[in-house]
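Listed here are the chains, written in short residue letters.
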There are 4 protein chains.
Amino acid sequence: MRELLRVAMVGNGFMGAAHSQGWRVAPRFFDLPVQPSMDVLVGRNPQSVQAAAEKWGWRESSTDWREVVERDDIDVVDIVTPGDSHAEIAIAALEAGKHVLCEKPLANSSAEAEGMTRVAEAAAERGIRSMLGFTYRRVPATAFARRLIADGRIGEVRHVRASYLQDWLIDPASPMTWRLQKDRAGSGALGDIGAHAVDLAEYMTGLQLGRVSGVLETFVRQRPIGGSSSGAIAAASSGTPSAEYGEVTVDDVAFFHGRFDSGALGTFEASRMATGRKNALRVEVSGSTGAIAFDLEDLNALEFYDATDAAGEQGFRKIIVTEPEHPWVSAWWPAGHMLGYEHGFANQAKDFVDAIAAGQSPSPSFADGLHVQRVLDAVERSSEGDGAWVEVVGGEG
Amino acid sequence: MRELLRVAMVGNGFMGAAHSQGWRVAPRFFDLPVQPSMDVLVGRNPQSVQAAAEKWGWRESSTDWREVVERDDIDVVDIVTPGDSHAEIAIAALEAGKHVLCEKPLANSSAEAEGMTRVAEAAAERGIRSMLGFTYRRVPATAFARRLIADGRIGEVRHVRASYLQDWLIDPASPMTWRLQKDRAGSGALGDIGAHAVDLAEYMTGLQLGRVSGVLETFVRQRPIGGSSSGAIAAASSGTPSAEYGEVTVDDVAFFHGRFDSGALGTFEASRMATGRKNALRVEVSGSTGAIAFDLEDLNALEFYDATDAAGEQGFRKIIVTEPEHPWVSAWWPAGHMLGYEHGFANQAKDFVDAIAAGQSPSPSFADGLHVQRVLDAVERSSEGDGAWVEVVGGEG
Amino acid sequence: MRELLRVAMVGNGFMGAAHSQGWRVAPRFFDLPVQPSMDVLVGRNPQSVQAAAEKWGWRESSTDWREVVERDDIDVVDIVTPGDSHAEIAIAALEAGKHVLCEKPLANSSAEAEGMTRVAEAAAERGIRSMLGFTYRRVPATAFARRLIADGRIGEVRHVRASYLQDWLIDPASPMTWRLQKDRAGSGALGDIGAHAVDLAEYMTGLQLGRVSGVLETFVRQRPIGGSSSGAIAAASSGTPSAEYGEVTVDDVAFFHGRFDSGALGTFEASRMATGRKNALRVEVSGSTGAIAFDLEDLNALEFYDATDAAGEQGFRKIIVTEPEHPWVSAWWPAGHMLGYEHGFANQAKDFVDAIAAGQSPSPSFADGLHVQRVLDAVERSSEGDGAWVEVVGGEG
Amino acid sequence: MRELLRVAMVGNGFMGAAHSQGWRVAPRFFDLPVQPSMDVLVGRNPQSVQAAAEKWGWRESSTDWREVVERDDIDVVDIVTPGDSHAEIAIAALEAGKHVLCEKPLANSSAEAEGMTRVAEAAAERGIRSMLGFTYRRVPATAFARRLIADGRIGEVRHVRASYLQDWLIDPASPMTWRLQKDRAGSGALGDIGAHAVDLAEYMTGLQLGRVSGVLETFVRQRPIGGSSSGAIAAASSGTPSAEYGEVTVDDVAFFHGRFDSGALGTFEASRMATGRKNALRVEVSGSTGAIAFDLEDLNALEFYDATDAAGEQGFRKIIVTEPEHPWVSAWWPAGHMLGYEHGFANQAKDFVDAIAAGQSPSPSFADGLHVQRVLDAVERSSEGDGAWVEVVGGEG
């Protein structure tokens, strides 16, 4: 009988469903050294957390995360709450000796993120592991891209074009939510999806941003309170009177440039107003002897251009990343059988469990999350200033 | 506490993994009227079936399907063995009063399929449900295509172009397997993947094939016995001596034309020799006022052409089929978050459970599978003859 | 001063505009050994042919092709009339010692085509050149595809998937034209566009069809006479009364299979009812070590799959065929600057002039056109019969 | 007999070939009110200009542009020399009463461009017309995009993503040319291709940039002198010793953000180092009710997303812009027959001739060119500073 790794998860929103699927499915496909066990689900509302626990298959539920993270029969704390509570929970869990998987963003501010990172690094010395949930690193195509670039297949990286485009805010009648309030969400498109673009660009290239210059913008500054979230454009003209409006205090759009430590340049775009784009996280890396292009809306594919192919025969090659040679794939389905959004969560759970069992530090670390947080902070400072270049604090890391 | 639906699954190969994932995941996303319970996994080899049961999360394992299908504490029998044993198991299970989900093909011959269909129809009168696993009907894009066509959005269907292209046999050094032996596999590309093309074309259009004309071909007629399945082309030239060769007795390729009962025409292609195509099941339906195109290699998308759009503004519209308006999607992830191959199995499990609970006949039925079998038989007869048109038996049904 | 090659062109319809552009432009980009001179345009109607001559830049016009093809000051006769007059004009011109470029189809019947081929072959012995206008052989991507295949880059060809899809007849209110009458047009989709699919598949692979099996269909059998050709679908329902209907006597759609002399298989589709497809001539060739895919709607690209690339790195590579290494391209624009439909006519004019100057037989020959005609005849015979395989006459040639 | 418009063209490089094709072909497809006549080609080297005149079909050649622009028998001067001579020639021609078509960039500096614009505006009052050659405005898809946006089909424009990506400089062994020297070329990627991205974004949206913030970079700062231009990457490693290196004084890459006068935001990228991208000018416009995307590498297509389509049926619609409803297309080929790079030059010639005959000011004007020059200047100033936002001079215009 294999040893158990007893997991408690704090948070029961959309990300809770995704992480639950990761814990549920990983052991059914991968051969794990220890067996994760979905023990406790923690949420604020007793009814809804109990319902979620039953639905998602957690053994018990709780409304008291403080009590849970102290329990002796818990080995891992998985944090999927909104970003403003990450620091408190993660620090408590680490100090209680639990391994921590924390969903991104690491925190809503660099100050919090710094504290978490210090605690995580101290915990690591006691064998306590921590990992940040930049799940798109666990899409086989992005990990394969990193491998190709690390192997020198595109030569020296010159520039990176990264964008994460969504369109769920295009309708001005779409209502206010906590995601549009700075005090709760930290930031808007920048922190929510721009963070992914930054992390993925750095992950794929192995480079780190040192300076940024950018602009944030909010196109729709007031939104109806209490409206239905469906708010179709067609309905907008039907004149439903919405008595009250709330102030949108985060960015709809963040555009910025970045200079990597190697001297390479990057352009970054994050938008919730990119009409027609649903979840288009794209990264294109141009190197001296090749290029790589990835698009999350076609996540099983990777485009690879090899400039050392014979003249006249060069072209972007669409590799369907479902072969046994590709990361994680041999555990899944035969070639040509597509993976989806949630497989990243199972791959992530596998790698986290492996690292714990092997006594190694998983990646991305809290320090990686802190770095991304600092990049985003620098973008905000640049935008609040006159758009000039701003150093990423600690960039020399 | 919800009522349980106690499932036994017979077979522990690749399809067993896929069906297990369906049973495992469906209740975690959908609100099911009764709760499926993964009770018994049945296989031939006691060690491997026990390992699989543990891995996949079945409570117990068995090597005796006859005993299992008779057990009082089993409600559903899910059959994922090779096609030559479907008839025997399904008939026994239905006669024992179990609901049956049978993976395609229904059987390796029309005679067997007829017997199964008769038993299933008799069982239905006693409230026993049976369903065939043409899982690609449960991809949201194909079900949405069916809805658009049924709603008249492309007008009268004139022709259908369906192909299922793979390339895993292109290397002549790729070894013999049971899938290449007619006595075990029934047929080659025709039955394995051509069957999907036929069913999906009929499902999407709501039409049925009445006559066919076609050709089967085997390009590589001998393959090494006992070779490794990796058999890369590169390795082929390395001169590994393979002492023995076996005879390939099924088709590598099946090309055929079909006439639907409405008068519409279809072209069908199934190939395991379509170099570079991994799992390319494509169906394009051309109607009098529009068209639909689907490609399994881009399974979250549906192309829709509306010929009633203004002149100059018409074009194939790539709908990303991940909106709450699309079939099954509201249970999964937000818009733009991609589904994969296996989601069809969860959607299928949901629909089967729903039908059982509602006392309704699920679809596709065994009769649907029999019909596809008869189409394939007719293609074989046409190919064995001179390629002339052959009636699909029972097509008037 | 370079020697002149004095051209007379017979026919002033759409194809006349295309061939005129070829003659006009070729000498401005290519270095030709002799200079084509656009001397006489011949048409039936004196006013319209004179207007066309002035518009297109021909020195003079005439309504008497017989007189023109006898003139001593004409070296080349370019025939762009409908197919039913090709034989008479071409034979007269060849016998008068003129080099002949004849637009496809060579003729409306094999009998005529045979006569033309005999005359052309006799003329060749006297140094008189003849060439058939299968212009899609002069798209750089198709010629490059032929070169790759001839160089063995995809290994042994196993199957070919060729289709030519258009949709200009989907609206039943679209009016009768001579193209829909068998006595004038010879055939419908089969001869008009299916011919291109056959020729291009044979050209790219270097193979020849020996047997075919197929079906022709006419979905809209009556069309209004004298209606406007715009006939939008939207308008169809507006109830414009059209007093009279004419009988459509050609095929809307032709689907057929073909066996090449090498044993390779082909599927062919020609349709004027493929809703949403405007000019989609596609050929995909699957070989034992690679594949090639071409699409005329993206004519500057060629997809190439190399199955000898490293495992995990294989994929269809989209080559933009605008590099100096590609056929004809160095005479045109820099890399990445796209060519269009008409460039094939200039490339064709260049090759025809080169062949004349070099005293060599240009390609495709009339014999090539005769062969395609025989393939189409065989498809018609198969369709008129029961769809069984029919030998292509003279296929052993 | 129609009146002639007698053209002299100054410059016989690559752009001379493109403009010649425009003058040559336009009257053969369009019905022009006056007939352009290709009278004099002017170049520096007597042998090469005479050869080019003969090749391209100009009646005579000259090496003295000053003499030619004064000739009474010349109506139009077409300037296709490098940018540093545009001002002198254009001003002389306008003052001599000639209509002027000037290839972009208008000039190498804003100061020169201002002078030209003043002279052009004064000339316009005397009925002398001037036009700038931003030819990509004459691609049917871009003009159709402008029409859709102007018609409100995408609502209010929120952001624009424009990039022009090429890769001809990726190889460090690729040699020095005048295009890489600031004193001759003015700037690098910014002025050469970034200018097109700016103009096209403004043209399609009808908006004008008021402020910019950006960065220029030169990745390869020294290049071999006198090397062959083919410089393949593969050859680079072969160690051919190149004695001397020259300094690259222009940008390889320019990335910038722009604020339009409406408040909309733009991101702009110009690169000659975007490995694998040959001529990828792309503009995506996101509006409140729709979106438009164009890609010059697929120039016959336009992607259009209509957010007022029914929920669940929205998607980017690929319009093949070859229908008679599309700008200029009715003069060319039937639907589905593709146009290429050079058709923009014929469309441009047509519009210029039409404007002259109608006594109207053609578009784009020199003032438009001046504005783009000022945008580029502002980008350079931003990059030379600290990347902060810089006003576009005269932006309030």
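Residues numbered from 1 in each chain as written. Chains lettered and ligands numbered in written order. Predicted model: local features only at pLDDT ≥ 70, side-chain atom pairs only at ≥ 80, totals over all residues. Heavy atoms only, no water.

Brief notes about the overall build of chain A
Part 1 of the argument: When helices and strands are tallied, chain A shows 11 helices and 17 strands.
Part 2 of the argument: Relative to the compact-globule value of 21 Å for 397 residues, chain A shows a C-alpha radius of gyration of 21 Å, a close match.
Part 3 of the argument: Referenced to the eigenvectors of the C-alpha coordinate spread, the extents of chain A come out at roughly 60 × 60 × 40 Å.
Part 4 of the argument: With 397 residues in all, chain A has 67% of them scored as buried.
Part 5 of the argument: Working note: accessible area of chain A is about 13400 Å², and carbon and sulfur atoms make up 47% of it.
Part 6 of the argument: Within chain A, the 55 negative side-chain charges are centred at a point lying 2 Å from the centre of the 37 positive side-chain charges. (Helix = DSSP H or I, 4+ residues; strand = E, 2+ residues; numbered from the N terminus. Rg over C-alpha atoms; globule rule 2.2 N^0.38 Å. Buried < 20%, exposed > 50% of the residue type's maximum accessible area, 1.4 Å probe, protein only. Areas by Shrake-Rupley, 256 points an atom, 1.4 Å probe, with all protein chains shown as cover. Lys, Arg positive; Asp, Glu negative; His and termini not counted. Charge placed at Lys NZ, Arg CZ, Asp CG, Glu CD.)

Some details on the domain arrangement of chain A
Residue and element names in this part refer to chain A.
Part 1 of the argument: Here chain A is partitioned into domain 1 (4-136) and domain 2 (140-298 + 300-339 + 372-391).
Part 2 of the argument: For domain 1 and domain 2, the distance between their C-alpha centres works out to 26 Å.
Part 3 of the argument: Each partner contributes to the interface: domain 1 provides 15 residues, whereas domain 2 provides 23 residues.
Part 4 of the argument: Roughly 1600 Å² is buried in total at the junction of domain 1 and domain 2, and carbon and sulfur atoms are behind 60% of that figure.
Part 5 of the argument: If you look at where domain 1 meets domain 2, you find two salt bridges.
Part 6 of the argument: Between Glu114 and Arg374 there is a salt bridge, with its nearest N and O atoms 3.1 Å apart.
Part 7 of the argument: Here the side of domain 1 that touches domain 2 takes three residues from helix α5 (residues 110-125), the largest share from any one element.
Part 8 of the argument: Class assignment of the residues belonging to the side of domain 1 that touches domain 2 gives a composition of nine nonpolar, three polar and three charged. (Domains from an automatic or database assignment. Contact = heavy atoms within 4.5 Å. Buried area = accessible area lost by both parts, 1.4 Å probe. Salt bridge = Lys/Arg side-chain N within 4 Å of Asp/Glu carboxyl O. Nonpolar A, V, L, I, M, F, W, Y, C, P; charged D, E, K, R; others polar.)

Section: helix α8 (residues 189-205) of chain D
Residue and element names in this part refer to chain D.
Part 1 of the argument: The first and last C-alpha atoms of α8 sit 23 Å apart over 17 residues, in line with the 24 Å expected at 1.5 Å per residue.
Part 2 of the argument: Largest kink in α8: about 35 degrees, centred on Ala195.
Part 3 of the argument: Taking burial as the measure, the 17 residues of α8 include 17 buried ones, the bulk of the element. (Expected span 1.5 Å × (residues − 1). Bend = angle between axes of the 7 residues up to and from the residue.)

A look at the UniProt feature "domain: Gfo/Idh/MocA-like oxidoreductase N-terminal" (unreviewed entry) in chain A
Part 1 of the argument: Here the UniProt-annotated "domain: Gfo/Idh/MocA-like oxidoreductase N-terminal" (unreviewed entry) positions come out as residues 5-123 of chain A.
Part 2 of the argument: Between the end C-alpha atoms of residues 5-123 of chain A the distance is 18 Å, and the span holds 48% helix and 22% strand. (UniProt positions renumbered as here; feature names shortened; annotations may be inferred.)

Describing the sheet that holds strand β2 (residues 35-42) of chain A
Residue and element names in this part refer to chain A.
Part 1 of the argument: Reading across from one edge, β3-β2-β1-β4-β5-β6 is the order of the six strands in this open sheet, with parallel pairing throughout. Taken across any chain shown, the strands that pair with only one partner, and hence form the sheet edges, are β3 (60-62) and β6 (130-133). With direction set aside, neighbouring strand axes in the sheet form an average angle of 25 degrees.
Part 2 of the argument: Against the sheet, helix α10 (residues 343-358) engages β1 (4-10), β4 (76-79), β5 (99-103) and β6, with an angle of about 155 degrees to β5. (Pairing = 2+ DSSP bridges. Axes fitted to C-alpha atoms, helices over the stretch in contact; angles between N-to-C directions.)

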